[in-house]
Amino acid sequence: MTAAARKIKKPLYAVIAACWLAAPFFLGNYQLDVLNNIAIYALLGLSLNIILGYAGMFHMGHGAFFAVGAYATAIINTTWGVPVLWLLPLSGAAAGLFALVVARPIIHLRGDYLLIVTIGMVEIVRIALVNNVFGITGGSNGIFGIDAPSVFGRTISGIVAPGDFFYLVTAFLAFTITVFYLLEHSRFGRALQFLNQDPVAAEGSGIDTARYRLAAFGIGAFWAGMVGNLYASKVTFISPESFSFWESVVMFMIVILGGAGSIPGVLLGAFLIIGLPEMFQGLQQYRLLLFGIVLVAMMIFRPQGILPPAPRSYDVAEDDGENGGPGSTPDDAAGVEVRP
Amino acid sequence: MSLLRIENATRYFGGLMAVGDVSFSVPEGLVFGLIGPNGAGKTTVFNLITGNYRLDSGKIFFRGEDISRMPTHRVVQRGIARTFQNIRLFSGMTVLENVLAGRHCRMKAGPIAAMLRLPSQRIEERRAAARAMAELLFVGLAGHAGNLAKNLSYGNQRLLEIARALAADPALIILDEPAGGMNDYETTALVELISKIRNRGITVMLIEHDMSLVMRACERIVVLEHGKKIAEGTPGEVQADPAVIEAYLGSDDEEF
Amino acid sequence: MEQFFTQLTNGLAVGGIYALIALGYTMVYGVLKLINFAHGDLFTIGAYLGLTLLASLALTDSVGAVAGLLLLAVMVMGLVGVIGILLDRAAYKPLRTSPRLSAVVSALGASIVFSNTIMLVYGPRPRVYPQGLLPTHVLDVFGLSIPVMRLVILATSLVLMIGLYIFIQKTRTGTAIRAAAIDQDAARLMGINVDRVIMLVFFIGPALGGAAGLMVGLHYGQISFTMGWLYGLKAFTAAILGGIGNIPGAMVGGLLLGVIESMGAAYISNAWKDAIAFFVLILILIVRPTGLLGERVAEKI
C-alpha cells in the first residue's frame, strides 16, 4: 500500500462512519431499510469471511447457519415469549453447534468438493424447513409474530421505525468489526491464513489444521446465527425462502467480490451488491444478469476482489531474552516497528 | 541418550519400496547427515519422522516417546521442526509473519482471548514478534521483516524457512536440502549457520546433495540407497566405505 | 411388486437423463479439473431451443414425426454444443492458469448469466411443449403398464451413451481426450492438440446435455428457466457417485441415482425426494470421494 493511500485511510474511514451515522437525519424510511439490509448482509459477509476469506474454505452454504439462528429465535420467542435480544447468544450457539456437527465429517475435503457439499447442506436445511422437520418450523408458511427487539423497555421495530433499528444494527456492526479486526490480527487469525496459503507448511509449523478449520466454521456460524436473530426480529416473519441457496451465493459474492480476507473489502462488497441495485431501480430485472457478468469479469481481471487485504504491520517489543531463542543483540531488536 | 531413534522403518508406495527396514539413532547435540543418490528414500525418512507419511512398519522414538503414529502438528509440538525440499513458505504473507507461524505452537492465546483483547494476549503477541525478529536477525534476514515472502531471493527464502523452524523452539531441526539453489558463497554461510544452530544446543539433521557441505558440516552420516541403509559413521569413515563409493559411481556431481 | 417395477423403470428413465447430463460434467472435469457450474443451464438451453425450433420450423409437420424429431435433436445438440464452446472461450479459457476458485466463481457467474438470459428472453413463467407429438400409448410388458415414451427415453439415452463410450474408447480422438484427462502436459508433448481436445469436450458434453433437455421438454411437457439448477446438481451427484472424470462412471452413476431417487420417493417419502440426491452426494464425498468406479490416487508430498 502506498504511503499516500495509508495516510488517507484513517480519515476516510472516519468520514464514511460519520456519514453512515448521520443517515437517519437525511434519508426516508425506505432508504433506511435498504441501509439496514446492507448492514445485515455486511454482518453475514463478515462472518463468512472468517471461513471463506481467512481460512480459504469454499463455503456456499452460509445461509444454513443464518437460518438455524433465525429459526431458533423465532421458535423460542413465539413459543415461550423470551425477549429476542436475550436469545442472541443462544441463536449463535445453536448455529455454531450445528456447524460443528455438520462440518466435522467434511472438513478434510478438497476445495471444490467442499463447495458442492456445502451447497448440498444448505439445500437439505431448506428442504427440512419446508417439510416442517420435528414439527416446529412451520413448513413453507414459516413462522410469524416474532417480537421486535426492545432495549430498556423501548421497542425497536425494524418495520415501523427503521431509523431506530438502524442504530441497533449499526451498534452490532461496529462491535463485530472491532472484534473481527482483533481476531484477524491474532494468533488465531494468522493460523487460519497459514492453513489457507499452505496447509502442509501450516501443519509442519505445528498448527492443528483440522481443529482450526472446524473452529473457523464454528465461529463464522455462531456469528451468522446471531445475525439470524437480528434479522428475525427485524422482519418478524421468516420462511424458508429467505434462506435459499441463492442467499448463500449473495453472501459468497459479497466476500469474493469485495475482497476475501479483508474487512473493508467485505463491507464495500455488501454496500455495492445490496446498495447498487437499489440505486438503479429501473434495471431491476437485469440485476442478476449483471451480477453474473460482473462475476466472470472480476475473476478474469481482478480475482483478488476490489479491496484485497493489505500486508500487516507489527509492533515489535524489545526481545528480553526470556523467549528462549538466540538472545537479544541489544541495538538491533529494541523497539523496532516493522511496516510494509 | 539418543534424541531420535528409528527402528526398522519401512514404507511402500504402491509396489515400490521407498524405505526398507532402516534403523539408526541420532545422538543429541550433533549435526547429523542423511545422504544417498536420488531416490534413495531420504526425504521419505524425513516425512516419516515428521508424520507427513505413515510408517508401514517399524517405530520412531523421540526423546524416548513413540511418535510413530503422531500427527504432524503434534510432532512439532514435541520438539521437531523442519524445512521443506521444495520451499513451502506462506508466500502472500510477510517475512515476519512466516516466522510467527513457527512461534504458533509455543503461544497460547485462542480466539476468545484475542476478541476480548486480554492483556495476556497482547503481551504474548509482542513477545512473539520480538522473538521472531530475533530469529530473523540470527539467520541474517532482519532487514526483510516487512517484505512479502514471495519477493525474497531463492537463497533468502531458504533462510526464512530455517528461521521459521527455529522459532518453534525445536530440540531437533530437520533441514531438507537447505542448500538447494545456493551458490558457493551462500553455501559457506549456510555451513556457518548450521554450526551456530548447533551451538544453541539444537540437534541438526540434514539431507544434502552438496557433498562439500555435508562433509564440512556433519559430524555423523547415514547413507541410504534404494531405501536401505548401506553405511553409517563419521564423514571420514563414510567416504572410505566401498559400498558408498559404489553407490555414487556414475553420478556426476560430487567430488570427495 | 408392480409398483417396484414401475418405479424401477421410472427411475431408469430419469436416470438416463441424469447420466446424459452427468457425462458433460465428468468430461469437462476429467480434462480441466473444473466443475462446470453452467452445465445445468446448457441443459435448460437445450430444452428452450428445442421449443423455439419446434414451434418456428414446424418440422414435424413437414417431414413427419420421427424424422422431424431426429432433425430437431441434431440441431439442438449442435447449437448447444457451439454454445458450450463459446462458454469455455469466454469464461474459462482466460482462467486456465488461475487458481481453482477463480474458475469456480466464473462458472457460477456464467450460470447466472445463462439462466437470467433465458428468463429475460422467454419470460419467468414455465413454458409448455406442444402436445401430441409423441406416442402416448402404454405398453404391456410382463403384466406391467409402461408408457412407451419412458422406454424410448431410456433407449435414446443408452444409445447416446454407448455411442460416446465407443467414441472415447475406440477412436484416435477419443484416446486423445482420455490422454488429456490423465495428464495434459504429457499429452501435449505427445503431439496432441490439447486446445482442440478441450474444444471437443466442450462441444460433446453440452450437446448431450442439450439432448437431455430436449427429451425432458418433450416427455414431461413443462420447462422453466430454473430447471437446470436441480437437474444439474443431481447430475453432478451422479457424476461424483460414479467417479468424477470417469465416463462409464457417469453413466452408471446417473442410472443408479435415478433408481435410488425413485425408490426413495416411493418407499420413504415423496417430500424429501430432492433431498435424497444431496444426501447421496454428501455420503459419497465423505465415505468414498473417488466414487464407485474411480481410482485411488496416492499423494506424494
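This text follows the structure it describes.
Residues numbered from 1 in each chain as written. Chains lettered and ligands numbered in written order. Predicted model: local features only at pLDDT ≥ 70, side-chain atom pairs only at ≥ 80, totals over all residues.

## Some remarks on the overall build of chain C
Then comes step 1: Scanning chain C from terminus to terminus reveals twelve helices and four strands.
Then comes step 2: Here the C-alpha radius of gyration of chain C, 19 Å, is about what a compact globule of 301 residues would show, namely 19 Å.
Then comes step 3: Along the first, second and third principal axes, the C-alpha set of chain C runs to 60 × 45 × 40 Å.
Then comes step 4: Sorting the 301 residues of chain C into buried and exposed places 50% on the buried side.
Then comes step 5: Within chain C, contacts between residues separated by at least 24 positions form 77% of all contacts whose residues are at least 6 apart in sequence. (Helix = DSSP H or I, 4+ residues; strand = E, 2+ residues; numbered from the N terminus. Rg over C-alpha atoms; globule rule 2.2 N^0.38 Å. Buried ≥ 20, exposed ≤ 12 C-beta atoms within 10 Å, placed from the backbone. Contact = placed C-beta atoms within 7 Å.)

## A look at the overall build of chain A
Then comes step 1: Along its length, chain A carries 13 helices and six strands.
Then comes step 2: Scaling as 2.2 N^0.38, a compact globule of 340 residues should have a C-alpha radius of gyration of about 20 Å, and chain A matches this with 21 Å.
Then comes step 3: For the C-alpha atoms alone, the extent of chain A along its principal axes is close to 70 × 50 × 45 Å.
Then comes step 4: Of all 340 residues assigned to chain A, the portion counted as buried reaches 51%.
Then comes step 5: Pairs at least 24 residues apart make up 76% of the contacts formed inside chain A by residues separated by at least 6 positions.

## Thoughts on the sheet that holds strand E10 (residues 228-233) of chain B
Residues and elements named next belong to chain B.
Then comes step 1: On the basis of which strands lie adjacent, the open sheet formed by six strands has the order E6-E7-E8-E3-E9-E10 and mixed pairing. Here the strands that pair on one side only, and so sit at the sheet edges, are strand E6 (80-82) and E10. Between one strand and the next, the sheet's axes are offset by a mean angle of 20°, whatever the strand orientation.
Then comes step 2: Contacts between helix H1 (residues 42-50) and the sheet are confined to strand E3 (31-35), E6, strand E7 (172-176), strand E8 (203-207) and strand E9 (220-225), with E7 contributing the most and set at about 145° to the helix. (Pairing = 2+ DSSP bridges. Axes fitted to C-alpha atoms, helices over the stretch in contact; angles between N-to-C directions.)

## A look at the interface of chain B and chain A
Many descriptions give the size of an interface as the accessible area lost when the pieces come together.
Then comes step 1: Across the boundary between the two partners, chain B contributes 46 residues, which contact 42 residues of chain A.
Then comes step 2: Mapped onto the side of chain B that touches chain A, the elements with two or more residues apiece are helix H2 (72-78), helix H3 (95-103), helix H4 (111-115) and helix H5 (119-139) of chain B.
Then comes step 3: When residues of the side of chain B that touches chain A are assigned to their parent elements, the largest contribution, eleven residues, is made by H5(B).
Then comes step 4: Of the residues assigned to the side of chain B that touches chain A, the class counts are 23 nonpolar, twelve polar and eleven charged. (Nonpolar A, V, L, I, M, F, W, Y, C, P; charged D, E, K, R; others polar.)

## A look at the sheet that holds strand E4 (residues 57-62) of chain B
Residues and elements named next belong to chain B.
Then comes step 1: An order of E2-E1-E4-E5 is seen for the four strands of this open sheet, with the pairing classed as antiparallel. Where the open sheet ends on each side, the last strands, each with one partner, are strand E2 (16-27) and strand E5 (65-66).
Then comes step 2: Sheet topology note: the strand E1 (residues 2-13)/E2 ladder contains eight bridges and is antiparallel. Within E2, the residue paired with phenylalanine 13 across the bridge is leucine 16.
Then comes step 3: Taken strand by strand, H1 contacts E1, E2 and E4, and its axis lies near 65° from that of E2.

## A word on helix H7 (residues 187-197) of chain A
Then comes step 1: The element H7(A) is extensively covered by neighbouring structure, given that ten of its eleven residues are classed as buried.
Then comes step 2: Of all the residues in H7(A), the buried ones are Arg187(A), Phe188(A), Gly189(A), Arg190(A), Ala191(A), Leu192(A), Gln193(A), Phe194(A), Leu195(A) and Asn196(A).
Then comes step 3: Tucked inside the fold, the buried residues of H7(A) contact helix H2 (29-54), helix H6 (162-184), helix H8 (199-204) and helix H9 (209-235) of chain A together with H3 and H4 of chain B.

## Some words on H2(A)
All names here are of chain A.
Then comes step 1: End to end, H2 covers 36 Å across 26 residues, agreeing with the expected 38 Å (1.5 Å per residue, within 8%).
Then comes step 2: With 20 of its 26 residues buried, H2 lies for the most part within the structure.
Then comes step 3: Taken from the residues just after H2, glycine 56 is the one with a positive phi, measuring 70°. (Expected span 1.5 Å × (residues − 1).)

## Observations concerning unusual backbone geometry
All names here are of chain B.
Then comes step 1: For asparagine 8, which is not glycine, the phi torsion reads 50° and is therefore positive.
Then comes step 2: Tracing the chain through its elements places asparagine 8 in strand E1.
Then comes step 3: The exposure class assigned to asparagine 8 is partly exposed, which follows from the 13 C-beta atoms found within 10 Å.
Then comes step 4: Non-glycine residue arginine 63 carries a positive phi angle of around 50°.
Then comes step 5: Its location among the elements puts arginine 63 in the loop between E4 and E5.
Then comes step 6: A count of 16 C-beta atoms within 10 Å places arginine 63 in the partly exposed class.

## Quick notes on the nonpolar core
Then comes step 1: Core analysis: the biggest nonpolar cluster contains 294 residues, and Ala216(A), Leu136(B), Ala163(B) and Ala211(C) have the highest contact counts within it.
Then comes step 2: Counting residues per element, this core draws most heavily on helix H1 (residues 2-32) of chain C, at 16 residues.
Then comes step 3: Contact partners of Ala163(B), with chain neighbours within four places excluded, come to Val99(B), Glu135(B), Leu136(B), Phe138(B), Val139(B) and Leu141(B). (Core = buried A, V, L, I, M, F, W, Y, C linked by C-beta atoms within 7 Å.)

## What about the pairing of E9(B)?
Residues and elements named next belong to chain B.
Then comes step 1: Sheet topology places E3 next to E9; four bridges connect them, and they run parallel. Counted as the bridge partner of glycine 33 is isoleucine 221 from E9.
Then comes step 2: Pairing between E9 and E10: five bridges, direction antiparallel. Across the sheet, residue leucine 224 finds its bridge partner in E10, namely lysine 229.
Then comes step 3: Following E9, the chain reverses through two residues before pairing antiparallel with E10; histidine 226 in that reversal takes a positive phi of roughly 50°.

## Concerning the packing of H1(C) against helix H10 (residues 227-242) of chain C
Residues and elements named next belong to chain C.
Then comes step 1: Here H1 crosses H10 at 70°, and the two axes come no closer than 8 Å. In this view, H1 runs roughly perpendicular relative to H10, as classed from their interaxial angle. Contacts from Tyr18, Ala19, Ile21, Ala22, Tyr25 and Thr26 of H1 reach H10 at Tyr231, Gly232, Lys234, Ala235, Phe236, Ala238 and Ala239.
Then comes step 2: Partitioned by chemical class, the residues of the contact of H1 with H10 number ten nonpolar, two polar and one charged. (Parallel < 35°, antiparallel > 145°, perpendicular 65-115°, else oblique.)

## A word on the environment of Phe13(B)
Then comes step 1: Along the chain, Phe13(B) turns up in strand E1.
Then comes step 2: Here the alpha-carbon distance between Phe13(B) and Asp56(B), two residues 43 residues apart in the chain, equals 9.8 Å.

## Considering the environment of Ala232(A)
Residue and element names in this part refer to chain A.
Then comes step 1: Position of alanine 232 relative to the elements: it lies in helix H9.
Then comes step 2: Alanine 232 gets classed as buried once you count the C-beta atoms within 10 Å, which come to 31.
Then comes step 3: Separated by 74 residues in sequence, alanine 232 and glycine 158 place their C-alpha atoms 10.0 Å apart.
Then comes step 4: Setting aside anything within four residues of it in sequence, one finds alanine 232 in contact with Ala70, Thr73, Ala74, Ile146 and Ile238.

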